[in-house]
Amino acid sequence: METVTITMKNPHALYLEADNVSPDVFAGKTAAQIGELHVHEGNETFTLGKYFDVSGNAGATAADTKIIVKGDVKKVKYLGFKMSAGDLVVEGSTDQYAGGWMTGGKMLVKGSVDAFAGTAMKGGELTIEGNAGNYLGAAYRGDWRGMSGGKILVKGNAGSDIGMYMTGGEMIINGNADVHVCTHAEGGKVIIKGNTQSKVGGQMVDGTIYVFGSIDTMMPGFKPAGEIELEVEGVKAKFAHYIGDMGERHKKKKGQIVYANLYHKI
């Protein structure tokens, strides 16, 4: 695997949209060619080389390409946009849409991310060592298709509306999550090892949520379904089981009504 390192050299006044920073776009290009790729600052278009020093040539394919992003990229959006293979490592924090529309590969953010990380994700692995903002793994604004595949791991806390319209994939939050977990979800699995606020699973019709910590306010549409011993992420524990959201229409599978499942550690 060949490695390309881009290092911030010229700070920008406005937010930078760098949707070309992915192994798919870099593949087959030299450092000079990568530096000529476009980025957007406000309503103007410039080259990647205006803002970043670029070293190393990419591999022949996305799968053969690793990108390391260095420097202050807290105001850079769309890193890892639509990546399908390869590796991308962001050594600090970054802004919105990190790993958005990912279909494969591995992306690691060693800091935190802002809103819409992993939005509409279909595959691959996104690891965030810090915190995640709102709408993690959710649908894009105005869309109804959220995360459908892949895996997201957040080692810190997550914001509100995570997993909105989620249909598949797996999300693990090692810390706490804010309100509106898996709103409108139709599949997938979310594990929250810390605490949650209110409106967990609102209008959810399929999928599974595990909460290890507290839930401030349980949704009235979730019906108690007993207690069960489970092993989740290597932890064996007893969980209170709820099904819902009872206020929504639910599909049938083999003649049985399919409900969303909420497991709350006792």
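Refer to the structure presented above.
Quick summary incoming for the structure in this document. Given the structure is predicted, the values throughout are model-derived calculations rather than measurements. (Residues numbered from 1 in each chain as written. Predicted model: local features only at pLDDT ≥ 70, side-chain atom pairs only at ≥ 80, totals over all residues. Heavy atoms only, no water.)

1. Some words on the pairing of strand β21 (residues 260-265)
If a strand is regular, its side chains alternate between the two faces of the sheet. For clarity, the cut-off: Burial here depends on accessible area, computed with a 1.4 Å probe over protein chains only, as a share of the maximum for the residue type. Under 20% is buried, over 50% is exposed, and the range in between is partly exposed. Secondary structure follows DSSP: runs of H or I at least 4 residues long count as helices, runs of E at least 2 residues long count as strands, and numbering of each begins at the N terminus. Here, a strand pair is defined by DSSP locating no fewer than two bridges between the strands.
In terms of residue burial, β21 counts as a mostly covered element, since 5 of its 6 residues are buried. Summarising the sheet, strand β15 (residues 206-211) and β21 pair through 4 bridges and their orientation is parallel. Paired with Y210 across the two strands is Y263, which belongs to β21.

2. Some thoughts on the side chain of D161
Here is the rule we go by: When charges are counted, Lys and Arg contribute as positive and Asp and Glu as negative, whereas His and the chain ends are disregarded. Throughout this description, the term salt bridge denotes a Lys or Arg side-chain nitrogen within 4 Å of a carboxyl oxygen of Asp or Glu. Here a polar contact means two N or O atoms within 3.5 Å. Within protein one must be a hydrogen donor candidate and the other an acceptor candidate, and residues neighboring in sequence count only if both atoms are side-chain atoms.
With respect to the helices and strands, D161 occurs in the loop between β11 (151-154) and β12 (170-173). We note that D161 is buried and unpaired, the nearest opposite charge coming from R141 at a distance of 7.2 Å. Among the polar contacts listed, one links the side chain of D161 to the side chain of S160, at a separation of 3.0 Å.

3. Notes on the packing of aromatic side chains
What counts is decided by this rule: A pair of Phe, Tyr and Trp rings is counted when the ring centres sit within 6.5 Å of each other, with Trp represented by its six-membered ring. The angle between the planes then sorts it: under 30 degrees is stacked, over 60 is edge-to-face, the rest tilted.
Within the structure shown, the criterion is met by 12 aromatic pairs. Their ring planes at 80° and their centres at 6.2 Å tell us that F46 and Y51 sit as a pair that is edge-to-face. Residue F46 is classed as partly exposed on the basis of its relative accessible area of 23%. For Y51, a relative accessible area of 1% translates into the label buried.

4. Topic: the pairing of strand β10 (residues 123-128)
Across the 6 residues that make up β10, a large majority, 5, are buried. Pairing geometry for strand β9 (residues 103-109) and β10, over 5 bridges, is parallel. Its bridge partner being in β10, K106 is matched across the sheet by E125. Inspection of the sheet shows β10 paired to β11 by 4 bridges, in the parallel sense. Paired with E125 across the strands is K151, a residue of β11.

5. Considering the sheet that holds strand β7 (residues 76-77)
Pairing between sheet strands relies on hydrogen bonds along the backbone, with the strands arranged either parallel or antiparallel. Across the sheet, which stays open at both edges, the 4 strands sit in the order β4-β3-β2-β7 with mixed pairing between neighbours. Both edges of this open sheet fall to β4 (44-47) and β7, since each of them pairs with a single strand only. Bridging between strand β3 (residues 38-41) and β4 involves 4 bridges; their strand directions are antiparallel. Its bridge partner being in β4, H40 is matched across the sheet by T45.

Just geometry here; none of it tells us what the structure is for.
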